[in-house]
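Now for the letters of each chain:
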Amino acid sequence: MTLKITPIRKDFPNLKDKIHGKPLAYLDNAATTLKPKQVIDAVSAYYSHYASNIHRAVHALSQKATLQYENTREKVRKFINAKNTAEIIFTSGTTESINLVAQSYVKTFLKANDEIIISEMEHHSNIVPWQIASKETGCTLKIIPVDNNGEIDLERFKELLSSKTKLVSITHTSNVLGTINPVKEIIRIAHGHHVPVLIDAAQAVGHQTIDVQDLDCDFLAFSAHKMYGPTGVGILYGKQNLLEAMAPYKTGGDMIDSVTFEKTTYRELPYKFEAGTPDIASVIGLGAAIDYINRVGLNKISSYEKTLLSYAIKELKNISGLQVVGSPSKKAPIISFVLDGIHPHDLGTILDEQGIAIRTGHLCTQPLLKRFGVLSLSRASLGIYNTPKDIDALVGGIKKAKKVFKC
Amino acid sequence: MLNNLYQKTIIDLNRQPHNFGKLEGFTHSAEQYNPTCGDDLTVYLKISAGIIDDISFDGDGCAISRASASLMTDALKGKKINEASDIYKKFYSLLDSTSAVQQDDPNLKNLTIFSDIKKFPSRITCAKLPWEAFIHASQNRQ
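Residues numbered from 1 in each chain as written. Chains lettered and ligands numbered in written order. Predicted model: local features only at pLDDT ≥ 70, side-chain atom pairs only at ≥ 80, totals over all residues. Heavy atoms only, no water.

Asks: Sorry, what's going on with the overall build of chain A here?
Replies: Tallying secondary structure elements over chain A gives 14 helices and 17 strands in all. Its C-alpha atoms give chain A a radius of gyration of 22 Å, within 12% of the compact-globule value 22 Å for 407 residues. In terms of its C-alpha atoms, chain A occupies a principal-axis envelope of roughly 75 × 55 × 35 Å. Considering chain A as a whole, with its 407 residues, one finds that 57% of them fall into the buried category. Surface exposure of chain A reaches about 16,200 Å², of which carbon and sulfur atoms provide 53%. Considering chain A, the positive charge centre built from 48 side chains and the negative charge centre built from 40 side chains are found 5 Å apart. (Helix = DSSP H or I, 4+ residues; strand = E, 2+ residues; numbered from the N terminus. Rg over C-alpha atoms; globule rule 2.2 N^0.38 Å. Buried < 20%, exposed > 50% of the residue type's maximum accessible area, 1.4 Å probe, protein only. Areas by Shrake-Rupley, 256 points an atom, 1.4 Å probe, with all protein chains shown as cover. Lys, Arg positive; Asp, Glu negative; His and termini not counted. Charge placed at Lys NZ, Arg CZ, Asp CG, Glu CD.)

Asks: Help me understand the domain arrangement of chain A in this model?
Replies: How big an interface is tends to be reported as the loss of accessible area on association of its parts. Residue and element names in this part refer to chain A. Examined at the domain level, chain A breaks down into domain 1 (5–30 + 297–404) and domain 2 (41–294). Of note, the centres of domain 1 and domain 2, computed from C-alpha atoms alone, are 28 Å apart. At the interface, 36 residues of domain 1 touch 31 residues of domain 2. Taken together, the two surfaces of domain 1 and domain 2 that pack against each other cover about 2,700 Å², and 54% of this comes from carbon and sulfur. (Domains from an automatic or database assignment. Contact = heavy atoms within 4.5 Å. Buried area = accessible area lost by both parts, 1.4 Å probe.)

Asks: Even after reading the chapter, I still don't get the pairing of strand β14 (residues 334–339) of chain A, so can you show me in this structure?
Replies: A regular strand carries its side chains on alternate faces of the sheet. Residue and element names in this part refer to chain A. With six of its six residues buried, β14 lies for the most part within the structure. Pairing of strand β13 (residues 322–324) with β14, which is carried by three bridges, proceeds in the antiparallel orientation. Across the sheet, residue Gln323 finds its bridge partner in β14, namely Val338. Looking at chain direction, β14 and strand β17 (residues 377–381) are connected through four bridges and run antiparallel. (Pairing = 2+ DSSP bridges.)

Asks: Any chance you could explain the sheet that holds strand β4 (residues 88–91) of chain A here in plain terms?
Replies: Backbone-to-backbone hydrogen bonds join strands into a sheet, with any given pair of strands oriented parallel or antiparallel. Residue and element names in this part refer to chain A. Spatial ordering of the open sheet is given by β4-β10-β9-β8-β7-β5-β6, a layout of seven strands whose pairing is mixed. For this open sheet the edge positions go to β4 and β6 (140–144), each flanked by a neighbour on one side alone. Adjacent strand axes in the sheet meet at a mean angle of 20 degrees, parallel and antiparallel pairs treated alike. As paired elements, strand β7 (residues 165–171) and strand β8 (residues 197–200) share four bridges and run parallel to each other. (Axes fitted to C-alpha atoms, helices over the stretch in contact; angles between N-to-C directions.)

Asks: Sorry if this is basic, but what is going on with the interface of chain A and chain B here?
Replies: Listed as interface residues are 16 residues of chain A and, on the opposing side, 24 residues of chain B. The interface formed by chain A and chain B contains two salt bridges. Residues Arg123(B) and Asp346(A) are paired through a salt bridge, measuring 2.8 Å at the closest nitrogen-oxygen approach. Scanning the region where chain A abuts chain B turns up 11 residue pairs in polar contact (both at pLDDT 80 or more). Counting residues per element, the side of chain A that touches chain B draws most heavily on helix α12 (residues 344–352) of chain A, at four residues. A class-by-class count of the residues in the side of chain A that touches chain B yields five nonpolar, eight polar and three charged. (Salt bridge = Lys/Arg side-chain N within 4 Å of Asp/Glu carboxyl O. Polar contact = N/O pair within 3.5 Å; in protein donor to acceptor, adjacent residues only side chain to side chain. Nonpolar A, V, L, I, M, F, W, Y, C, P; charged D, E, K, R; others polar.)

Asks: Would you mind going over the side chain of Arg379(A) with me for this structure?
Replies: Residues and elements named next belong to chain A. By the element assignment, Arg379 lies in strand β17. Side-chain polar atoms of Arg379 contact the side chain of Asp28, separated by 3.5 Å. In this structure, Arg379 is in contact with Leu27, Asp28, Ala30, Ala31, Asn175, Ile334, Ile335, Ser336, Ile358, Arg359 and Leu363, ignoring residues within four places of it in sequence.

Asks: Before we go on, may I ask you to explain unusual backbone geometry in this structure?
Replies: Note: most residues except glycine have negative phi, and most peptide bonds are trans. All names here are of chain A. Along the chain, Leu269 connects to Pro270 via a cis peptide bond; the corresponding omega equals -5 degrees. Within the secondary structure, Pro270 is located in the loop between β12 (264–266) and α10 (280–296). Even without glycine at this site, Asn113 takes up a positive phi of about 75 degrees. Secondary-structure assignment places Asn113 in the loop between α4 (94–109) and β5 (115–119). The exposure class of Asn113 is exposed, given its relative accessible area of 53%. Positive phi outside glycine occurs at Tyr228, with the angle close to 75 degrees. Topologically, Tyr228 is positioned in the loop between β9 (219–223) and β10 (234–238). When its relative accessible area of 0% is taken as the criterion, Tyr228 is described as buried.

Asks: Is there a simple way to explain the packing of α4(A) against helix α5 (residues 128–137) of chain A in this structure?
Replies: Relative placement of two packed helices is described by the angle separating their axes and the distance separating the axes. All names here are of chain A. In contact at an axis separation of 9 Å, α4 and α5 are set at 20 degrees when each is read in the N-to-C sense. Classified by the angle their axes make, α4 and α5 are roughly parallel. As for the relative orientation of α4 and α5, their crossing is right-handed in sense. Residues Ile98, Asn99, Val101, Ala102, Val106 and Lys107 of α4 pack against Pro129, Trp130, Ala133, Glu136 and Thr137 of α5. Residue classes in the contact of α4 with α5 are distributed as seven nonpolar, two polar and two charged. (Parallel < 35°, antiparallel > 145°, perpendicular 65-115°, else oblique. Left-handed = near helix turned anticlockwise from the far one by under 90°.)

Asks: Can you help me understand the sheet that holds strand β3 (residues 51–60) of chain B in this one?
Replies: Residue and element names in this part refer to chain B. Overall, antiparallel pairing links the three strands, which are arranged β1-β2-β3 in an open sheet. One side of each edge strand has no neighbouring strand; the edge strands of this open sheet are β1 (28–33) and β3. Between one strand axis and the next, the sheet turns by 15 degrees as a mean value, whatever way the strands run. In terms of strand pairing, β1 meets strand β2 (residues 40–48) through six bridges, oriented antiparallel. Within β2, the position partnered with Gln32 by the bridge is Leu41.

Asks: How do you make sense of the packing of aromatic side chains when you look at a structure like this?
Replies: The geometry of an aromatic ring pair is captured by the separation of the ring centres together with the interplanar angle, meaning the angle of the planes. For the structure on display, the rule yields 18 aromatic pairs over all chains. Here Phe12(A) and Tyr385(A) contribute two aromatic rings whose centre-to-centre distance is 4.6 Å and whose plane-to-plane angle is 65 degrees, an arrangement assigned as edge-to-face. Placement of Phe12(A) in the loop between α1 (5–10) and β1 (18–19) and of Tyr385(A) in the loop between β17 and α14 (388–404) is noted, with a sequence separation of 373 residues between them. On the basis of relative accessible area, Phe12(A) is assigned to the buried category, the value being 0%. Judged by its relative accessible area of 0%, Tyr385(A) is buried. Three or more aromatic residues joined by ring pairs form one cluster here, namely Tyr88(B), Phe91(B), Tyr92(B), Phe114(B), Trp131(B) and Phe134(B). The cationic tip of Arg267(A) hangs over the ring face of Tyr271(A); the distance from NZ or CZ to the ring centre is 4.1 Å. (Phe/Tyr/Trp six-rings, centres within 6.5 Å; stacked < 30°, edge-to-face > 60°. Lys NZ or Arg CZ within 6 Å of the ring centre and 35° of its normal.)

Next comes the structure, spelled out in structure tokens:
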């Protein structure tokens, strides 16, 4: 563990707070991460010193805001190694990024009897938009099954691909199992059939290096708030030729070239997809979050989180009656588990009383939970500020819950 | 604070719920699902001449919803429908209102053990889940 945790922890004001009188062990990073003061300061600086709209006025405030906003686009481009900034669209989050493709791509290019392939481990946000778009166009949704280890069945995927397949949309990293999918391989196989692929990278960015050119993905969606940035901002990366061919998703101000009552022409990429005033402050905050991650170093983050994950799994597996769901060969720092005799909601409440934050419930993946025969789960997910102490607190908390529940 | 929520009664009822299982010859039933947590309970009623002759529940839920369901079945068995509806209203005001509720109301029986749930706002829906199922069941003749 070459990561220096003490200075990192000092950057996150939330970690100084006491929760129910106890130090906070924040283990709900897959839902959203805490924010470092560098991000909070960047958001605050915009509101305090140059609050103004972008791409419009000639005054100094607007020019500074526009510059910071567009600088973030360049930071995102570099962060995921996109070819150019025209391919980086700011949205409200991963969900909107996926909806944008579902509406603007699927509806433009798909027709009845075409097929879209997703997997059994998708978040609801990578299921429902395709379901709706399929209904509207008469397409069929095909599902790649997940095995008992929590891995995609690649052979079944190959069988599902056909001349009818027009899009594959799959998660890079499962928000429940932590499975890191062989997305590069999936993309290669799909491209062999000339099928474009969307990657839901919400759980991957900020934890692993993402290189869109190396992956050769056609679309990539992720959120700022799961990588130490503000809520309210997501990114859609798309290959330029695809984005250019797609119709606008939302329409209105800032995305037009000229408007008459008879006809409107749209602006060039990426602005064609950014109608209305965006969440400027949060985009600027995202820029600070990328700087923060780069300063710490993604490789260091990945290897630190991997070590901590191994420790967490070892400790949790020592608890009698606790079963970790899924054991994929490549796993992100996300652990979902069930505990004999204690419902996840009760565990969540008892842990909360001890200052330990985990997620409980169906984790927005009802089909996956059904696959594993459970109605709800408890999930601990790690971030750069977590330490073995947080894991020890979790283990102690679970043991206390077992005492309360006499099991 | 935690001990107020997870009292011995709730823990015991979670392990050994009252009136658990599908009711033979039920006349009414309804399933209630909590989409935020996945809890899924079904309430069965045997109603004749406006009286709840028997009541039971089954399904999957947390300790709070299972204990609440257990005590609900205890409180409603043998009651007239309109009496049951009165108990339902009193229980909900116990959970929701900031005003003092008559805790010694004999009809509420052990249900008052849920009075501390106000301090755990995210868990109020757990205590209500079986009651929502009951209300739907009472309007849902098989």
